[in-house]
Amino acid sequence: MQARGLALPVIDPGRCTGCGWCVAVCPPHVLSLHPRGGVKISTLDDADGCTGCALCAVRCPFDAIAMVRREKRSPLPDEV
Ligand code: SF4
Ligand code: SF4
């Protein structure tokens, strides 16, 4: 059973400092730091493992993570 949440973190590489706080707080450990252009940037490794809890976005001291709603698998009642 997969842990798909309603939203996914989107990391702004222009704001991410590679501090690693988001990696540390992510309960299912689906974030890690990847080298990019000589710096390390937080990256979501496993979108299906993300629960959408937003702890990473809340913890980021640099406001580099935005939670963005996933594409829905079925329409919500107000969208039908
Ligand atoms: S907490 Fe924010 S600044 Fe730090 S690695 Fe994660 S996204 Fe980047
Ligand atoms: S929303 Fe939660 S589960 Fe998903 S990457 Fe952030 S801390 Fe991890």
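See the structure above.
Only a predicted model underlies this, so the values are computations on that prediction, with no experimental measurement involved.

Definitions and cut-offs
Residues numbered from 1 in each chain as written. Chains lettered and ligands numbered in written order. Predicted model: local features only at pLDDT ≥ 70, side-chain atom pairs only at ≥ 80, totals over all residues. Heavy atoms only, no water. Near = heavy atom within 4 Å. Nonpolar A, V, L, I, M, F, W, Y, C, P; charged D, E, K, R; others polar. Helix = DSSP H or I, 4+ residues; strand = E, 2+ residues; numbered from the N terminus. Polar contact = N/O pair within 3.5 Å; in protein donor to acceptor, adjacent residues only side chain to side chain. Core = buried A, V, L, I, M, F, W, Y, C linked by side-chain atoms within 4.5 Å. Buried < 20%, exposed > 50% of the residue type's maximum accessible area, 1.4 Å probe, protein only. Contact = heavy atoms within 4.5 Å. Pairing = 2+ DSSP bridges.

J.: Explanation requested: the site of ligand 1 in the structure shown.
T.: Around ligand 1, 14 residues are found, and the nearest of them are Cys16, Cys19, Gly20, Cys22 and Cys60. Class assignment for the residues of the shell around ligand 1 results in 10 nonpolar, four polar and no charged.

J.: Looking at this model, I keep getting lost on the environment of Ser32. Mind explaining?
T.: Among the secondary structure elements, Ser32 is positioned in strand β2 (residues 31-36). When the C-alpha atoms of Ser32 and Leu44 are compared, they prove to be 6.7 Å apart, with 12 residues separating the residues in sequence. A distance of 2.9 Å separates a polar atom in the side chain of Ser32 from a polar atom in the side chain of His34. Reaching out from Ser32, the side chain makes a polar contact with the side chain of Asp45 at a distance of 2.5 Å.

J.: Would you mind showing me how to read unusual backbone geometry here?
T.: The bulk of non-glycine residues show a negative phi, and the bulk of peptide bonds are trans. Its identity is not glycine, yet His29 carries a phi of approximately 55°, on the positive side. Assignment of secondary structure puts His29 in the loop between α1 (21-25) and β2.

J.: I'm lost on the site of ligand 2 in this one. Help?
T.: Residues in close proximity to ligand 2 total 13 residues, the closest being Cys26, Cys50, Cys53, Ala54 and Cys56. Looking at side-chain class alone, the shell around ligand 2 contains 11 nonpolar, two polar and no charged residues.

J.: I would appreciate a short explanation of the nonpolar core in the present structure.
T.: A general trend in soluble globular proteins is that nonpolar side chains are found buried together. By size, the foremost hydrophobic cluster in this structure holds 14 residues, and its most contacted members are Ile11, Cys16, Cys22, Leu31, Cys56 and Ile65. Breaking this core down by element, the ones donating at least two residues are β1 (7-11) and α2 (55-59). Not counting chain neighbours up to four residues away, the residues in contact with Leu31 comprise Ile11, Cys22, Val23, Cys26, Ser42, Thr43, Leu44, Asp45 and Cys56.

J.: Would you mind going over the pairing of β1 with me for this structure?
T.: Every other side chain in a regular strand lies on the same face of the sheet, so the side chains alternate between the two faces. Most of β1 is tucked away, with four of its five residues classed as buried. For β1 and strand β4 (residues 65-69), the ladder comprises five bridges, and the chain directions are antiparallel. In the sheet register, Leu8 faces β4, and the bridge partner there is Val68.

Without other data, these values stay purely geometric and don't point to any function.
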